[in-house]
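Commentary on secondary and tertiary structure
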Amino acid sequence: MIDYKMELTPEQIDILSGKQGETLQKVMETVVLFGDIFGAKRLVPVTYKDAHLVTSFGLGVLKPLYATMDQLIEAGLKTQGKFTVDPRPIDYENVKCNILEKFVFNKKMYSEQAKYEDQLHKIGLKDKNGFTCTCYYKEVGNRPAKGDVLTWAESSAVVFANSVLGAKCNRNSGMLELFGAILGLVPEFGFLIDENRKAHWKVIVKTTKKPLPQILGSAIGMKCMEDVPYVVGLDQWIGTELTDDVEGYLKDFGAATASNGAVGLYHIENLTPEAKEQGETLLRADYKEYIIDDAELERVYLNYPIMWKDTSAKPQLVFIGCPHLTYNQLCDWTDKFVAGLKSTGKKKLTARTVLTTTPDVADKFRATAKYQELLSTGATLSSICPLMYTNNPICMMLHRVATNSNKLRTYSKARYYKDDELLNILVGKEGK
Ligand code: F3S
């Protein structure tokens with residue numbers, strides 16, 4: 001048996017010593033060693049059993065992953081609840097690719113996609129609609145309650161669950177969340193401990209208008225990195241109730257904090273559950289301050305690098321929906337496209353545009369008349385992860401990709417535009 005530092009129960013020691021099989025022993029070893037590294041004193045039960053996994057793509061080079069999955073399946077192991085997983089990388093029906101792009105996707109990149117999806121289903125994947133990074137939408141239903149202990153990975157989902165839902169989860173990496181879901185146990189450290197949920201930063205929002213969530217989140221992420229921010233002054237712009245629209249705002253804000261920095265938890269004064277309950281007592285004694293005004297947001301925005309060779313050129317391919325769009329955001333973009341095209345007298349958007357959302361939200365939207373309105377603008381609807389699409393070097397060589405997502409901008413060569421800028425370009429308003 002491995003050497004370990006934390007305190008384990010007799011049953012946990014049985015698993016660790018191999019009494020419940022060699023494969024479960026390895027799973028336990030991994031989780032215990034992971035906890036020991038972070039100083040966990042014990043393992044605690046996962047109180048919300050439905051996990052969320054980060055690895056959704058069958059990259060050919062991930063051979064150890066598929067071998068591990070095979071071992072888990074052969075040992076008859078499954079997750080204790082059902083899980084969702086990040087979006088699929090490709091959708092040839094709604095995000096068209098040429099032969100070369102397809103060749104790279106199918107042969108060089110995601111050659112193990114079908115095999116890996118089969119493995120995910122055998123281990124406990126929710127259903128065919130389980131591929132999304134916004135599993136917490138009501139339409140999807142993987143939505144923990146306040147105080148629940150989770151075993152999730154995917155930075156944008158973890159920060160949402162911690163901050164907006166008040167659940168407790170660390171920023172796990174791939175496989176550790178799966179092992180926690182099989183055992184129903186996670187090491188107790190980080191955000192699972194109340195003291196660690198206190199804020200290192202008081203962020204004071206002093207803007208003259210509602211800040212764009214993508215740029216506000218980006219500014220806070222770059223300043224706070226992995227620290228916890230307590231944001232004051234934002235409630236004057238987005239209110240004090242967690243409506244669907246506010247959740248959409250916080251989803252985009254949080255994804256930017258988590259990708260432009262490494263924020264795993266934030267508090268918004270008078271809005272998010274712990275801030276509503278505890279107010280400024282959430283601030284640590286030695287907290288620092290960061291003031292955000294219009295000039296600071298503009299400074300952050302103007303510093304984003306543009307990776308296109310020709311910076312004056314127009315976008316050729318636009319992705320909106322990283323993280324996946326809420327139903328209301330989908331309707332809103334559709335309305336803006338239709339009204340914008342009407343105002344410019346154009347029939348179609350000026351660049352190929354893909355809106356991405358969860359499969360469940362897509363099904364709901366496709367059943368409405370608005371879906372035909374969206375298609376009439378030339379846009380398409382998909383449930384892929386735009387980042388995994390742009391990981392294909394051929395795609396990035398062939399297209400100038402643009403987005404309103406700060407996460408996609410950060411991890412790819414896609415160019416960031418503010419929502420209004422992107423809309424004006426797409427409906428042909430720019431330069432009129
Ligand atoms: Fe989701 Fe992929 Fe963006 S997982 S947050 S759509 S990078």
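Residues numbered from 1 in each chain as written. Predicted model: local features only at pLDDT ≥ 70, side-chain atom pairs only at ≥ 80, totals over all residues. Heavy atoms only, no water.

**Some words on the sheet that holds strand 8 (residues 283-292)**
The 4 strands are arranged 7-6-5-8 in an open sheet whose pairing can be described as parallel. One side of each edge strand has no neighbouring strand; the edge strands of this open sheet are strand 7 (267-268) and strand 8. In this fold helix 8 (residues 213-224) packs onto strand 5 (199-205), strand 6 (229-232) and strand 8, with an angle of close to 135° to the strand it touches most, strand 8. (Pairing = 2+ DSSP bridges. Helix = DSSP H or I, 4+ residues; strand = E, 2+ residues; numbered from the N terminus. Contact = heavy atoms within 4.5 Å. Axes fitted to C-alpha atoms, helices over the stretch in contact; angles between N-to-C directions.)

**Some remarks on the layout of surface pockets**
As a volume, the largest pocket reaches approximately 850 Å³. For the lining of the largest pocket, the secondary structure elements donating two or more residues are helix 8, helix 10 (244-260), helix 12 (294-302), strand 9 (317-325), helix 13 (327-344) and helix 19 (419-426). By residue number, the principal contributor to the lining of the largest pocket is helix 10, which donates 7 residues. Looking at the lining of the largest pocket residue by residue, the class counts come to 14 nonpolar, 9 polar and 13 charged. Taken domain by domain, the lining of the largest pocket gets at least three of its residues from each of domain 2 (198-302) and domain 3 (317-426). Roughly 440 Å³ of internal volume is contained in the second largest pocket. In this structure, the second largest pocket is lined by 27 residues; those nearest its centre are V54, D86, E154, L387 and K407. Looking at the lining of the second largest pocket, the elements with two or more residues in it are helix 6 (155-163), strand 9 and helix 16 (386-390). For the lining of the second largest pocket, the leading source of residues is strand 9, giving 4 residues. (1 Å grid on protein atoms, 1.4 Å probe; cavity = no way out; pocket = protein on both sides within 12 Å on 5 of 7 lines; lining within 4 Å. Points joined across faces, edges and corners; volume = space filled by probe spheres on them. Nonpolar A, V, L, I, M, F, W, Y, C, P; charged D, E, K, R; others polar. Domains from an automatic or database assignment.)

**Quick word on the side chain of S412**
Among the secondary structure elements, S412 is positioned in the loop between helix 18 (406-411) and strand 13 (415-416). You can call S412 buried: its relative accessible area is 10%. Here the side chain of S412 touches L408 through a polar contact of 2.7 Å, landing on its backbone oxygen. At a separation of 3.0 Å, a polar atom in the side chain of S412 contacts the main-chain amide nitrogen of A414. Once you skip the residues sitting within four places of it in the chain, S412 turns out to touch L387 and T390. (Buried < 20%, exposed > 50% of the residue type's maximum accessible area, 1.4 Å probe, protein only. Polar contact = N/O pair within 3.5 Å; in protein donor to acceptor, adjacent residues only side chain to side chain.)

**Quick look at the domain arrangement of the chain**
A common way to express how large an interface is: the accessible area buried when the components associate. In terms of domain boundaries, the chain breaks down into domain 1 (10-98 + 107-189), domain 2 (198-302) and domain 3 (317-426). Relative to domain 3, the C-alpha centre of domain 1 lies at a distance of 29 Å. Contacts between the two partners involve 26 residues from domain 1 and, on the opposite side, 28 residues from domain 3. When the two sides are added together, the surface that domain 1 and domain 3 hide from each other amounts to roughly 2100 Å², 57% of it contributed by carbon and sulfur. Taken together, domain 1 and domain 3 are joined by 3 salt bridges. Between K126 and D360 there is a salt bridge, and its shortest N-O distance comes to 3.8 Å. At the boundary of domain 1 and domain 3, one finds 12 residue pairs in polar contact (both at pLDDT 80 or more). Grouping the amino acids of the side of domain 1 that touches domain 3 by side-chain chemistry returns 12 nonpolar, 8 polar and 6 charged. (Buried area = accessible area lost by both parts, 1.4 Å probe. Salt bridge = Lys/Arg side-chain N within 4 Å of Asp/Glu carboxyl O.)

**Brief notes about the packing of aromatic side chains**
Summed over the entire model, instances satisfying the criterion amount to 19 aromatic pairs. Summarising the aromatic geometry, the rings of F38 and F189 are spaced 4.8 Å apart at their centres and angled 10° between planes, so their arrangement reads as stacked. Of this pair, F38 sits in the loop between helix 2 (22-37) and strand 1 (43-45) while F189 sits in the loop between strand 4 (185-187) and strand 5; the two residues are 151 residues apart in sequence, bridging distant segments of the chain. Here F189 falls in the buried class, since its relative accessible area comes to 10%. Measuring from ring centre to ring centre gives 5.5 Å for Y136 and Y137, while their planes differ by 90°; the resulting arrangement is edge-to-face. With respect to burial, Y136 and Y137 carry one shared label: buried. Taken together, F57, Y92, F105, Y110, F319 and Y389 form an aromatic cluster joined through their ring pairs. In this structure, K102 is placed above the aromatic ring of Y92, and the distance from its NZ or CZ to the ring centre is 4.9 Å. When the ring centre of Y301 is taken as reference, the NZ or CZ atom of K418 above it lies at 4.3 Å. (Phe/Tyr/Trp six-rings, centres within 6.5 Å; stacked < 30°, edge-to-face > 60°. Lys NZ or Arg CZ within 6 Å of the ring centre and 35° of its normal.)

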